[in-house]
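If you want the building blocks of each chain, they are given just below.
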Amino acid sequence: MENHVDQVLLEKKLNRCLTPRAVGALIAMSALMAMTMITANLSATKIWSLGGIPVDGGILLFPLSYVLGDLLVEIYGKRIADSVAWASCGVGLLAAAFIALARMLPDYPGADNGGFLTISGVVGRIFLASIVGFLASQLCNNYVFERVRRKQRNGAFWKRALFSSVLAHIPDILLFEPIAFLGKLSFREFVEQAVFAYVAAIAIEGILLLLVTKRLARQMVYRLKFQHGKRITPQDEPGSPNH
């Protein structure tokens, strides 16, 4: 009896061990997530006009972070996806801290540090607001995605991806917009920016990128032999219309 229990526990442990391909993909996706977060946060300091509506430049790249988040939680499970989100935010905070420290270093006589001062000047309120919004939205996305998956009993990927995104953008908007823009924009501009940011994010991710994300998820699960945080057997591979 004890030998049987030990065998079952060993099989469960092995099933949760990452395959070499899955490890490589996780490293690449984690690096891409950190890059996306930092680049999008820096881009968010650029406020541009879209038909008279003030829009931050981060809207061009932030949807990619949600695509990566959906892929991470679909393949590796909520725990690893949450860890990647925390690590990405840690990288962003470290980048901001080192840039701030470099800014405090004494200037060399005659050196032109204008370019650095311009770049380092963007690491402020909007950058930190982006990190807070990013972390809250990613954790919310992972939680909702996993809950929907469990409730659906491994139902359609697009349903859990779309539903989690619709909800996850709410804490992002509620945290990022006030921290970044409240007091800097008029109340009307602030409301227009917040509403447009939410609608645009859902449209980009839910309409333009969802089909691509679904296909990527299927291909990655097939090639990595890993899904929902565990190894999959050939009969478990996504081949039915529900995946």
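Residues numbered from 1 in each chain as written. Predicted model: local features only at pLDDT ≥ 70, side-chain atom pairs only at ≥ 80, totals over all residues. Heavy atoms only, no water.

Moving on, we come to the pattern of salt bridges. Summed over the entire model, instances satisfying the criterion amount to five salt bridges. Between Arg150 and Glu146 there is a salt bridge whose closest N-O contact spans 3.1 Å. One end of the pair, Arg150, and the other, Glu146, are both in helix H6 (residues 125–152), four residues apart, so they sit about a helical turn from each other. Relative accessible area serves as the criterion here: at 56%, Arg150 is assigned to the exposed category. Through salt bridges with shared partners, a single network forms among Glu146, Arg149 and Arg150. (Salt bridge = Lys/Arg side-chain N within 4 Å of Asp/Glu carboxyl O. Helix = DSSP H or I, 4+ residues; strand = E, 2+ residues; numbered from the N terminus. Buried < 20%, exposed > 50% of the residue type's maximum accessible area, 1.4 Å probe, protein only.)

Inspection of every chain in the model, using the stated rule, returns two aromatic pairs. Geometrically, the ring pair formed by Tyr76 and Phe226 is tilted, given 6.1 Å between the ring centres and 40° between the ring planes. In this pair, Tyr76 sits in helix H3 (residues 62–76) while Phe226 sits in strand S3 (residues 226–227), placing the two residues 150 residues apart along the sequence. Overall, the relative accessible area of 1% leaves Phe226 in the buried class. Ring geometry for Phe145 and Phe157: centres 5.9 Å apart, planes at 65°, overall edge-to-face. Of this pair, Phe145 sits in helix H6 while Phe157 sits in helix H7 (residues 157–181), and the two are twelve residues apart along the sequence. A relative accessible area of 2% means that Phe157 is categorised as buried. The lysine or arginine in question, Lys225, covers the ring of Tyr222, its NZ or CZ lying 4.4 Å from the ring centre. (Phe/Tyr/Trp six-rings, centres within 6.5 Å; stacked < 30°, edge-to-face > 60°. Lys NZ or Arg CZ within 6 Å of the ring centre and 35° of its normal.)

Taken together, the side chains of Leu94, Phe98, Leu101 and Met104 make up a nonpolar region of the molecular surface, amounting to roughly 480 Å² of accessible area. Looking at the element boundaries, Phe98 is found in helix H4 (residues 78–104). (Patch = residues over 30% accessible without salt bridge, like charges linked within 9 Å, V, L, I, M, F, W, Y side chains within 5 Å. Areas by Shrake-Rupley, 256 points an atom, 1.4 Å probe, with all protein chains shown as cover.)

To continue, consider unusual backbone geometry. With the exception of glycine, the majority of residues adopt a negative phi angle, and the majority of peptide bonds are in the trans configuration. Of note in the backbone geometry, Lys225 takes a positive phi value of approximately 60° without being a glycine. Checked against the element boundaries, Lys225 lands in the loop between helix H9 (210–224) and S3. In this structure, His228 is a non-glycine residue whose phi angle is positive, near 55°.

Across four bridges, strand S1 (residues 47–50) lies against strand S2 (residues 53–56) in antiparallel orientation. In the sheet register, Leu50 faces S2, and the bridge partner there is Ile53. Counted between consecutive antiparallel strands, the loop separating S1 from S2 contains two residues, among which Gly51 sits at a positive phi close to 65°. (Pairing = 2+ DSSP bridges.)

We now examine the nonpolar core. Formed by 36 residues in total, the largest nonpolar core has its most connected members in Met29, Leu72, Ile75, Tyr76, Met220 and Leu224. With sequence-adjacent residues up to four places away left out, Leu224 is seen in contact with Thr19, Arg21, Ala22, Ala25, Ile75 and Tyr76. Core analysis: the next-biggest nonpolar cluster, separate from the first, contains eight residues, Ile126, Ala129, Ala180 and Leu185 among them. (Core = buried A, V, L, I, M, F, W, Y, C linked by side-chain atoms within 4.5 Å. Contact = heavy atoms within 4.5 Å.)

Contact geometry for H3 and H6: axes closest at 10 Å, N-to-C directions at 35°. Our pair here, H3 against H6, has a crossing hand that is right-handed. Across from Phe62, Ser65, Tyr66, Gly69, Asp70, Val73 and Glu74 in H3, the residues of H6 making contact are Ser130, Phe134, Ser137, Gln138, Asn141, Asn142, Phe145 and Glu146. Residue composition of the contact of H3 with H6, by class: five nonpolar, seven polar and three charged. (Axes fitted to C-alpha atoms, helices over the stretch in contact; angles between N-to-C directions. Left-handed = near helix turned anticlockwise from the far one by under 90°. Nonpolar A, V, L, I, M, F, W, Y, C, P; charged D, E, K, R; others polar.)

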